[in-house]
Amino acid sequence: MSPDALLFVLLAYLSAALLACFSRRLGYALGAAASAAAASLSLYVLLGGGGTELPLQVGVELSLNRFDAYFLLVSSLVWLGTCVYSMDYDDDYPAALSPLFLLTILSMTVILVAGDAVSFLMAWETMTIASFFMILQGRGRREDVRRAAFLFLAFGEASTVLIMVSFAAMYASLGSFQFLGAGVGRVVGAYAPIAFLAALLGFGLKMGLVPFHVSEWLPIAHSNAPSNASAVLSSTLTLMGVYGFMNVMSRLAPYQLWWGWLALSIGGVSALLGASFASTSEHFKGLPAYSTIENNGLILVALGVYLLAARYQLSLMADVALVAAMYHAFSHAVSKASLFSVMGWLSKVRRSFDLNAAARGTAPGPMRATAMAAVLSLAAAPPFAGFVSEWMVLEVLFQSFKFPDVASQLIGTVVGALVALATGIVTVAMTKAYGFGVLLSGKGEGSPALRGSGWYFLSLVTGLGVAAPLVFFLAADAASGVLGGQVFGTFVTGLLGVPAYFVILSGRPFGGFSPTFTAIFMLGMLAVPLAVARVGGAWRPRRVAGWFAGAARPSDEGEMYNSFGYSSPFRIMLRLLFRTRESVLRAGAARATGEYFVDVRIVDVFRRFYDISAKWALALSRETGRYVMPGRMGRYLAYIMLAMMFVLAYILLVAG
Amino acid sequence: MIRRFVERGPARAEGPVQPSASFSAGGRHLSILTDTDRGRTILCEAQPEERPWQRAPPGSPLELEHGGQVGGYGTFSFQYGPVAYGVQEAGAFKLATYGERVVKAVPIVNYKKRGIEGRVAGMKPEDALLLLERSAGHFSASYSTCFCTAVEDALGLDVPSRVLWDRAVAVELERIYNHVHVFAREAEAASQNVAASQANALGERVLRLNAKYFGHRYLFGFGGVGTSSADLGTQGRRRELLAGARAVAGEFAGLMDGLLSSRIFLDRLQGTARLSKEDATRLGAVGPAARGSGVEADDRHVYPAEPYHDIFVSLETEREGDSLARLTVRAREVQSSAMVLQELLDRMPPSGGVGSRGDGGEDFAICRTEGPSGDLIMALGLDGQGRLAFLHVRPSSAANWIPFAISLEGSVFTDFQFAYESFGLSFADSDG
Amino acid sequence: MWVLRGLRKGILTTGYPGKGLAPDEVPRSSFPPTPSADADWAKGGGLCPTGAIQGERVDAGRCVYCRRCKDAGFRFEGPAPGPMASERAALARRVLGRSLHVLVLDVGSCNGCNMEVLNLANPYYDFNRLGIFFTNTPKHADVLLAVGALNKAMVETLKRTYESMPEPKFVVAAGACAMSGGVFKDTDGFASPLGDAVPVDVEIPGCPPTPLQLLDGLLLIGGRRRAP
């Protein structure tokens, strides 16, 4: 295929960003169109249209192979919906938001199509800085927004440095920066573990994994951002982490055992902590942000299983794990963007991020339906995409008995328990987000763009689950060039009358499941009784008042169960994790007036660690800033950017 | 049974005196004080100290001493009841919480306020008795005993010993089946279904004994002013009744051994709804609730009127003050009641006729009876025609609502039933 | 462990209503006043505190079994009074079959009726074997079993509960208090007989009605017992 198509997409994003400086609506519209084009292009590549390369005359090249195309497809589908949503969401944010938003998207596209490590890093840094400015446009207390943005930047820079270390190690072994495309050999010797570890940490930072940050940077950074930015950051920025990590992995085989163990452990703990903090979050956007940590943990768990299974040459298990990771990345990106768009809209119209605040704003019907589908998917309810991918992750973990050594079996089992617990806990978070966030907010009218984005995301989330086998083909196809996927055909098959390619077998003999036919079956289960009731004349809907244990419906909001109360059992049960402190003040003066004052707090176990590290990171940037360009953050950032480029150019020259 | 223990005293009595009830009669404010140490009930004019239950106007939630607002992020309050499984009666609780944890509990007792005190004024005692027996059906023998004794006192009747002993038998039977019932409910709440069924079966056996010897499963209608219609005339029937009651107590002891050694059961009770001895004393808790916290309060001890004056009643107390302590007290009281029954039935005095009006009646009396859930107080006055001028009832549950509410603070919702049942509270038994 | 303890007790459950009752199985607290040959109706009416004896008949719904009319020549023998059903109760047989879910609603009782209702679950009566179950929410209930003298504070709750039940729904008024107010009919708190607030299908006399009387009343709704 002609490289013109790729160039066209990139130019379209660029012009969208420029256009947005004059008219944000037009900018977003052009961004949506560019995303549609990008999606079409990547689908074309995935379906066998051949890769495309765009050599630029500056020593870097952009190329779109199938692996890149898979991630570009996921991202551009998300961006399409988000751009449409932004047309009406972004009506009173500072004018800088829309160009920055589109610039972020552009830089992510470049990351995905970068053919060599240098252009990858440049795009990576552009993305970080554009996101930083985007977060700065957020609402809320000025200090909070700033703090969030700087945290994001501090951890983002740490991530860049670690990725540079990883790339340097790979370069030292391979002697070339062209290792992001298809096959240029394997990293060998002591370079491999360095590259792996640095990549795990560097990309893990972007995915928000433990120990880099459960509680501070990801939720705070993403939840204080404008919501269209949050949606893009939470779904696709973390996706870039997955993409980068898998790309590095592809050069590192044969894998060492401890890599798998490490990935499994970090993933399992991240999933559990993410789920726990999501369930106790009272923040409209903090809750989905914590859930992002859980989901990225699950992706890393799947990759960990892949690392072990590939090492043990359990090819079927490796393939299932690999496809599970890629499919979960897809389902999470789509579901999370949907959820963020709705939660963001509601927190905007309600003028509060507090799930406990009295409900006033409304969301249009399609958005409410989208939120329903998204929380079901994120809570892993069939037949939605989240169920399929979490089922696959758990299935491969259940099969850790197939590993030949005890340590892997043990870690697999323990992580399996953590993941199962996490998926259970996150159900509470999701029912809470929907119940107290969406359901209590009520239904209202909305503009065409909002309704359109609602319908779009709804069909995406639903379709993704039902059409899971199709996505598997794309994912396995995409992975085959890079990571393997030889025995894909044996786990997507037919069984018990279900036609071929509609049953997922996680192992032989082990579990099997058909998302498509589950959906058909569930629809049937719903349709049959409905039909019987309709035809049989038993269809007599009856509206009665709610039941309040015989008492009248409370007139006061303070008499209803609230969001905080809904998750308090977790605060109390998991007191060791949360370091819950409950205090009821009724002594002294309070006793005389008969008033009680309740104060319930949870303490983040890792908070101290993060506070210290974030303080260091901030202190470092402040000190540097004082020496270089006192007080001017913008120029300081320009400096970082220049310094980055300088370093890269230096490496390039020396290497060349 | 009480008159000689009543003293008229000043508003502020010396020593450790607890206000127990107060009421208005004939335009005067009267208070009943309790001197547990010396076994005295003191009546005084004026209200010595405001007590929580006085502040509850009919038809409003009980305003507790710690009434007022609950504040703080995430707190809310909601109403549990009046149609709720855990309460089983027309009553409700307003629970303030931040989810799971009870910050404050306020019982709402107005759902079945019938206004018995108001209705019986001007009635003949025997008509009023019908209402009082049905005030709290499961405490009917205690109500009937307390009321009849008070009326006899006020009239100055000499009552045959036999009638007093009959009443004591009824009260002890009532105590046994109520305690057994509490265990059945607790076991059911802990999903100990076999134990719950067996306890329920034992309770049913006591009810059948009641029906056979007192003519009614809930002991309605056996007592009257100066009379008793209990069918305990022959030695043989008394032995039968005793054998029946002892068999129940024996099997109950076996059941207790099993239940109180069940980890699952104990876990739900241990440390649940702890009531300190200070709070129990300060707030005026009565019955097993007080004894579970180490307060030595039992009317059968403090005011040992006939027949308790020459019968050994063991005073069962525990120190912990939690649900387990209250249940342990109840378990032991089933055994001690069986022993009391043995003495009552073995040494039952012969029957005599209805007593005649003696002198010394003051048309006013206070009576206290130790019912299954504690001290029941009635104060009544008669007019010249032998009709009730006024009646004041201080039921045992009314005294225990506040101790219960205080003990519940800091518990989690799942503790509720274990706490509630262990206090033996009843909304019917709150109709003062 | 508990299973063994359970088995060791053998079977306590009554065979009723499949078989007849052994004499010692009949739990009695409600004895219907039966006029003997020389009964004095006028004197009985005067003695009766609740007005159950009026003219020459005994109104079981008012009788609280105080046994005062003994002095007027009434005896207390024979079986406990059976339940009284409206025409509508027959409908239940068709729609409810052999499964009844009962919501017990206390509208102001003395707790005696509540105790007897709970006793339905004890091994002697074991109402589950007859397909009768308690439920805690009106939305699952077929039958509203109301006990107690309807209190003014409970009228709204009663109506709300009745409204919340799905069709077809049946109401059982158990005990003299629910049927007529019993001894509480002149108290301040008393609102009205239950039948004045919601349509009542089955009435069960007694003070309190014994478990067997309650069982009879519930079986009448299931259509498994004919009205007497």
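Small disclaimer: the values here were computed from a predicted structure and weren't measured.

Criteria and thresholds
- Residues numbered from 1 in each chain as written.
- Chains lettered and ligands numbered in written order.
- Predicted model: local features only at pLDDT ≥ 70, side-chain atom pairs only at ≥ 80, totals over all residues.
- Heavy atoms only, no water.
- Pairing = 2+ DSSP bridges.
- Helix = DSSP H or I, 4+ residues; strand = E, 2+ residues; numbered from the N terminus.
- Axes fitted to C-alpha atoms, helices over the stretch in contact; angles between N-to-C directions.
- Contact = heavy atoms within 4.5 Å.
- Buried < 20%, exposed > 50% of the residue type's maximum accessible area, 1.4 Å probe, protein only.
- Lys, Arg positive; Asp, Glu negative; His and termini not counted.
- Salt bridge = Lys/Arg side-chain N within 4 Å of Asp/Glu carboxyl O.
- Polar contact = N/O pair within 3.5 Å; in protein donor to acceptor, adjacent residues only side chain to side chain.
- Patch = residues over 30% accessible without salt bridge, like charges linked within 9 Å, V, L, I, M, F, W, Y side chains within 5 Å.
- Areas by Shrake-Rupley, 256 points an atom, 1.4 Å probe, with all protein chains shown as cover.
- Parallel < 35°, antiparallel > 145°, perpendicular 65-115°, else oblique.
- Left-handed = near helix turned anticlockwise from the far one by under 90°.
- Nonpolar A, V, L, I, M, F, W, Y, C, P; charged D, E, K, R; others polar.

S.K.: Before we move on, could you go through the sheet that holds strand β12 (residues 374–382) of chain B and cite the residues and values that matter?
M.R.: Residue and element names in this part refer to chain B. Taken together, the 3 strands give an open sheet; going across it, the order is β11-β12-β13, and neighbouring strands pair in antiparallel fashion. Unpaired on one side and paired on the other, β11 (364–371) and β13 (388–394) mark the two borders of the sheet. With direction set aside, neighbouring strand axes in the sheet form an average angle of 15°. Bridge count for β11 against β12 is 8 bridges, and the pairing is antiparallel. Within β12, the residue paired with F364 across the bridge is G381.

S.K.: Please give an account of the sheet that holds strand β7 (residues 132–134) of chain C that cites residues and values.
M.R.: All names here are of chain C. Taken in spatial order, the 6 strands line up as β5-β10-β9-β8-β6-β7 in an open sheet, and their pairing is mixed. For this open sheet the edge positions go to β5 (84–85) and β7, each flanked by a neighbour on one side alone. In the packing of helix α4 (residues 112–119) onto the sheet, the strands contacted are β6 (100–106), β7, β8 (143–147) and β9 (170–174), and the crossing angle to β8 comes to about 140°. This element, helix α5 (residues 155–164), spans β6, β8 and β9 of the sheet and lies at about 165° to β6.

S.K.: So, the side chain of R330 of chain B: which residues are in play, and what are the values?
M.R.: Residue and element names in this part refer to chain B. In this structure, R330 sits in helix α11 (residues 323–346). Although buried, R330 forms no salt bridge, and the nearest oppositely charged side chain, E333, lies 6.5 Å from it. Within the local environment of R330, its side chain forms a polar contact with the backbone oxygen of S422, the two atoms lying 3.2 Å apart. When near neighbours in sequence (up to four residues on either side) are disregarded, R330 contacts H179, V182, F183, P288, P372, S373, S422, F423 and G424.

S.K.: For the pairing of strand β7 (residues 92–97) of chain B, give the residues involved together with the corresponding values.
M.R.: Residues and elements named next belong to chain B. Here β7 lies mainly inside the structure; 5 of its 6 residues are buried. Where strand β6 (residues 76–80) and β7 come together, 5 bridges link them in antiparallel fashion. By the bridge assignment, F76 is partnered in β7 with T97. Pairing of β7 with strand β8 (residues 102–108) involves 6 bridges; the strand directions are antiparallel. Considered in β8, the bridge of T97 is made with V102. A loop of 4 residues connects β7 with β8, the two strands running antiparallel in sequence, and G99 in this loop sits at a positive phi of about 100°.

S.K.: Could you give me a rundown of a nonpolar patch on the surface, with the residues and numbers involved?
M.R.: The grouping of L7, L11, L14 and L18 of chain A at the surface amounts to a nonpolar patch, some 340 Å² of accessible area in total. Structurally, L7 of chain A is set in helix α1 (residues 3–20).

S.K.: Summarise the packing of helix α11 (residues 286–311) of chain A against helix α15 (residues 406–438) of chain A; cite the residues concerned and give the values.
M.R.: Residue and element names in this part refer to chain A. Where α11 meets α15, the axes come as close as 11 Å, and the angle between the chain directions of the two elements is 155°. On the basis of their axis angle, the class for α11 and α15 is roughly antiparallel. Here α11 and α15 pass one another in a crossing that is left-handed. Of the residues in α15, those in contact with L287, S291, E294, L298, V301 and L308 of α11 are S408, V415, V419, A422, T423, V426, A429, M430, K432 and A433. The class makeup of the residues in the contact of α11 with α15 is 11 nonpolar, 3 polar and 2 charged.

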